[in-house]
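Below are the chains, spelled out letter by letter.
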Amino acid sequence: MRVVSKILSWIFLPLLAPVYAVALAMYVENWENLYSLYQDNNLYALDDKAKEVLLYLFSAFSVLAPALTVLFLQTRGSVSSVMMEKRSERIIPSIMTNLFGVCLLLILLYKVPLALQGSRFLFGLAGGSLLAVAACTILTFRWKVSLHAAGMGILCGFLYMYYGKMLVFPMWILVTAFIASGVVMSARMYLKLHTLSQLLIGYLIGFVGIVAGVLFFFYCY
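As the structure is a prediction and not an experimental result, all values here were calculated from the model.

Engineer: It is not clear to me how unusual backbone geometry should be interpreted in this structure. Could you clarify?
Structural biologist: It is generally the case that most residues other than glycine have a negative phi and that most peptide bonds are trans. Backbone geometry at Lys192 places phi at a positive 60 degrees, although glycine is not the residue there. Position of Lys192 among the secondary structure elements: in the loop between helix H7 (171-190) and helix H8 (196-219).

Engineer: What is the right way to read a nonpolar patch on the surface from this model?
Structural biologist: A cluster of nonpolar residues, Met171, Val175, Ile179 and Val183, forms a patch on the protein surface that exposes about 350 Å² of accessible area. Here Val175 is to be found in helix H7.

Engineer: Honestly, the packing of helix H6 (residues 147-164) against H8 in this entry has me stumped. Any pointers?
Structural biologist: Across the interface, H6 lies against H8 with an axial gap of 7 Å and an inter-helix angle of 35 degrees. The element H6 and its partner H8 pack so that their crossing is right-handed. Of the residues in H8, those in contact with Ala149, Ala150, Met152, Gly153, Ile154, Cys156, Gly157, Phe158, Tyr160 and Met161 of H6 are Leu199, Gly202, Tyr203, Gly206, Phe207, Ile210, Val211, Val214 and Leu215. Here the contact of H6 with H8 is built from residues that sort into 15 nonpolar, 4 polar and no charged.

Criteria and thresholds
- Residues numbered from 1 in each chain as written.
- Predicted model: local features only at pLDDT ≥ 70, side-chain atom pairs only at ≥ 80, totals over all residues.
- Heavy atoms only, no water.
- Helix = DSSP H or I, 4+ residues; strand = E, 2+ residues; numbered from the N terminus.
- Patch = residues over 30% accessible without salt bridge, like charges linked within 9 Å, V, L, I, M, F, W, Y side chains within 5 Å.
- Areas by Shrake-Rupley, 256 points an atom, 1.4 Å probe, with all protein chains shown as cover.
- Salt bridge = Lys/Arg side-chain N within 4 Å of Asp/Glu carboxyl O.
- Axes fitted to C-alpha atoms, helices over the stretch in contact; angles between N-to-C directions.
- Left-handed = near helix turned anticlockwise from the far one by under 90°.
- Contact = heavy atoms within 4.5 Å.
- Nonpolar A, V, L, I, M, F, W, Y, C, P; charged D, E, K, R; others polar.

Here it is, written out as structure tokens:
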């Protein structure tokens, strides 16, 4: 069981949450393309080239850049492991992840036209993730909030908002995402790396951050 919990922790690394979210939205058919009146927010309908560029952007700034930062800090002895189980080790990587998040959001805002299908969801995912990471960073100075739970909150919050705009969508993805959240958080508790309150607060931060981000770009931008 301990091995399974560690594997789940690696599969659902917090850094991967935005990439999983945008990949599911772009590559899993949602049948919304059958309804011509509901195309504006359908990321699945984007052409393949646009999907590749967006996936590369999210992967580079959400995963690759933060991961390289952690590996660099590990070689310097500032971080003992990639999982950063000690609260004090998370501060610098979290601050750098915020900076990478700002870069991603600015690139999207300046390079992705508002008229592009699903652009507001892309902005909301980047902005909401940044908001969640910023909140976790602030808490990290005093408390060890669960970043894995925050990542699952980001994933579930985005899918909830994205599919909530559609007439028809693959319900199994939402159900699977919420079940996976419970499994991942249970695994973190089993490994004795977080308390229930740290997990719930982390999940709430991720979920609310994404909801706030999407709502902002839909109604205030």
